[in-house]
Amino acid sequence: MSLAIIGGTGLNTLAGLEVLASHAVDTPYGQPSMAIEEGVYGGRKLLFLHRHGGRAQPIPPHLVNYRANIWALRELGAERILAANAVGAINAGMVPGKLVVPHQLIDYTWGREHSFDDGSSGELLHVDFTHPYDGELRDEILGAALAVGLPHVATAVLGVVQGPRLESAAEVRRFANDGCDLLGMTGMPEAALARELAIPYAAVCMVVNAAAGVSEKPISMDDIRQTLLQETALFGALLKAFLEQ
Ligand code: HPA
């Protein structure tokens, strides 16, 4: 079983996934967000996990058990992880209708269980995170987007914020000064945990709003939900193209 999809806000289910089995996995770090679905999508087998959980009450970004999620996916044989993130955009070139494949990130999260290293391994582990996303997986995603003519942006810096609240306008100016193009709440520690387990990981970002203060228009959850419908359809099209390559 090679590919695992981690769905974010709006991707509670993978529309069109023919579920063959549902795996309730226990890990040394506790329970993942939900029982992980194994199924067929676009003619290929894959694993699907919704990071906010398959329950009525969604798990907020700061309370997701990222360690259990990544560990459980590895237990089930995930060899690559493609993660979807709903994000706000700072960069004016990144708008709904264009999927964004970030190449870099800045981690602003705090207080999350962010490593499998509990000091018991007997050695100091400093994983290389120069390039947080897997280059080959990114190339394949971008190749698929090009092959089917899906509007996309091929590089971006994702700032990962703690949430669950949105940012102040001044915070967004600071993140822009730092070089962030996008802001999301769930990209970390997920990417780093995948790296610790040496699982190639890449992300596809769905822009659902302009970041705070970037646009005159107030950010509304209703608008975000509406935009997500269109963005998740684009993500599905990209995933099909990716699997058909
Ligand atoms: N900021 C941070 N995370 C987000 C946003 C945002 O504006 N929109 C969706 N996730």
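Details of the structure are given in the entry above.
Not measured: the values here are computed from a predicted model.

The rules behind each value
Residues numbered from 1 in each chain as written. Predicted model: local features only at pLDDT ≥ 70, side-chain atom pairs only at ≥ 80, totals over all residues. Heavy atoms only, no water. Helix = DSSP H or I, 4+ residues; strand = E, 2+ residues; numbered from the N terminus. Rg over C-alpha atoms; globule rule 2.2 N^0.38 Å. Buried < 20%, exposed > 50% of the residue type's maximum accessible area, 1.4 Å probe, protein only. Contact = heavy atoms within 4.5 Å. Phe/Tyr/Trp six-rings, centres within 6.5 Å; stacked < 30°, edge-to-face > 60°. Salt bridge = Lys/Arg side-chain N within 4 Å of Asp/Glu carboxyl O. Near = heavy atom within 4 Å. Polar contact = N/O pair within 3.5 Å; in protein donor to acceptor, adjacent residues only side chain to side chain. Areas by Shrake-Rupley, 256 points an atom, 1.4 Å probe, with all protein chains shown as cover. Core = buried A, V, L, I, M, F, W, Y, C linked by side-chain atoms within 4.5 Å. Pairing = 2+ DSSP bridges.

## Concerning the overall build of the chain
In terms of regular secondary structure, the chain is built from five helices and eleven strands. Relative to the compact-globule value of 18 Å for 245 residues, the chain shows a C-alpha radius of gyration of 17 Å, a close match. Per-residue burial over the chain gives 49% buried out of 245 residues. Expressed as a percentage of contacts within the chain between residues at least 6 apart in sequence, the contacts between residues at least 24 apart total 80%.

## With respect to the packing of aromatic side chains
On inspection of all chains with the given rule, the structure shows five aromatic pairs. Between Y29 and W71, the aromatic rings sit 5.3 Å apart at their centres with planes inclined by 70 degrees, giving edge-to-face as the arrangement. A residue pair is termed long-range when its members are at least 10 positions apart, and Y29 in the loop between β2 (18–23) and β3 (36–41) and W71 in helix α1 (residues 66–75) qualify at 42 residues. Judged by relative accessible area, Y29 falls into the partly exposed class, the value being 23%.

## As for the side chain of R67
By the element assignment, R67 lies in helix α1. Dropping the residues within four chain positions of it, R67 is found in contact with Y29, E113, S115, F116 and L193.

## Let's talk about the pattern of salt bridges
Applying the stated criterion to the full structure yields seven salt bridges. One salt bridge in this structure joins R165 and E171, with 2.9 Å as the shortest N-O distance.

## Things to note about the site of the ligand
Contacts to the ligand come from A86, V87, G88, V161, L166, E167, L183, G184, M185, V208 and N209. Between G88 and the ligand, the recorded distance is 3.2 Å, taken from a backbone N or O atom to a nitrogen atom. Starting from 260 Å² of accessible surface for the ligand in isolation, the protein chains cover 92%. Every element with two or more residues in the shell around the ligand is listed here: β5 (80–89), β10 (182–184) and β11 (201–210). The element best represented in the shell around the ligand is β5, accounting for three residues.

## Re the side chain of S33
With respect to the secondary-structure elements, S33 resides in the loop between β2 and β3. Owing to a relative accessible area of 1%, S33 belongs among the buried residues under this scheme. Of the polar contacts made by the side chain of S33, one reaches the backbone oxygen of R51; its length is 2.6 Å. Discounting residues that sit within four places of it in the chain, S33 has contacts with L49, H50, R51, G53, G54, R55, I59, V64 and N69.

## Looking at the nonpolar core
I70, L73, I81, M94, V100, L158 and L182 are the most contacted members of the largest nonpolar core, which totals 40 residues. Secondary-structure elements contributing two or more residues to this core are β1 (3–7), β4 (44–50), α1, β5, β9 (157–160), α4 (190–196) and β11. Among the elements that make up this core, the one with the highest residue count is α1 (five residues).

## Section: the pairing of β9
Alternating residues of β9 divide into V157 and G159 and L158 and V160, and every residue in both groups is buried. Looking at chain direction, strand β7 (residues 104–107) and β9 are connected through four bridges and run parallel. Among the inter-strand pairings, I106 is bridged to a residue of β9, identified as G159. The pairing of β9 with β10 spans three bridges and is classified as parallel. Across the sheet, residue G159 finds its bridge partner in β10, namely L183.

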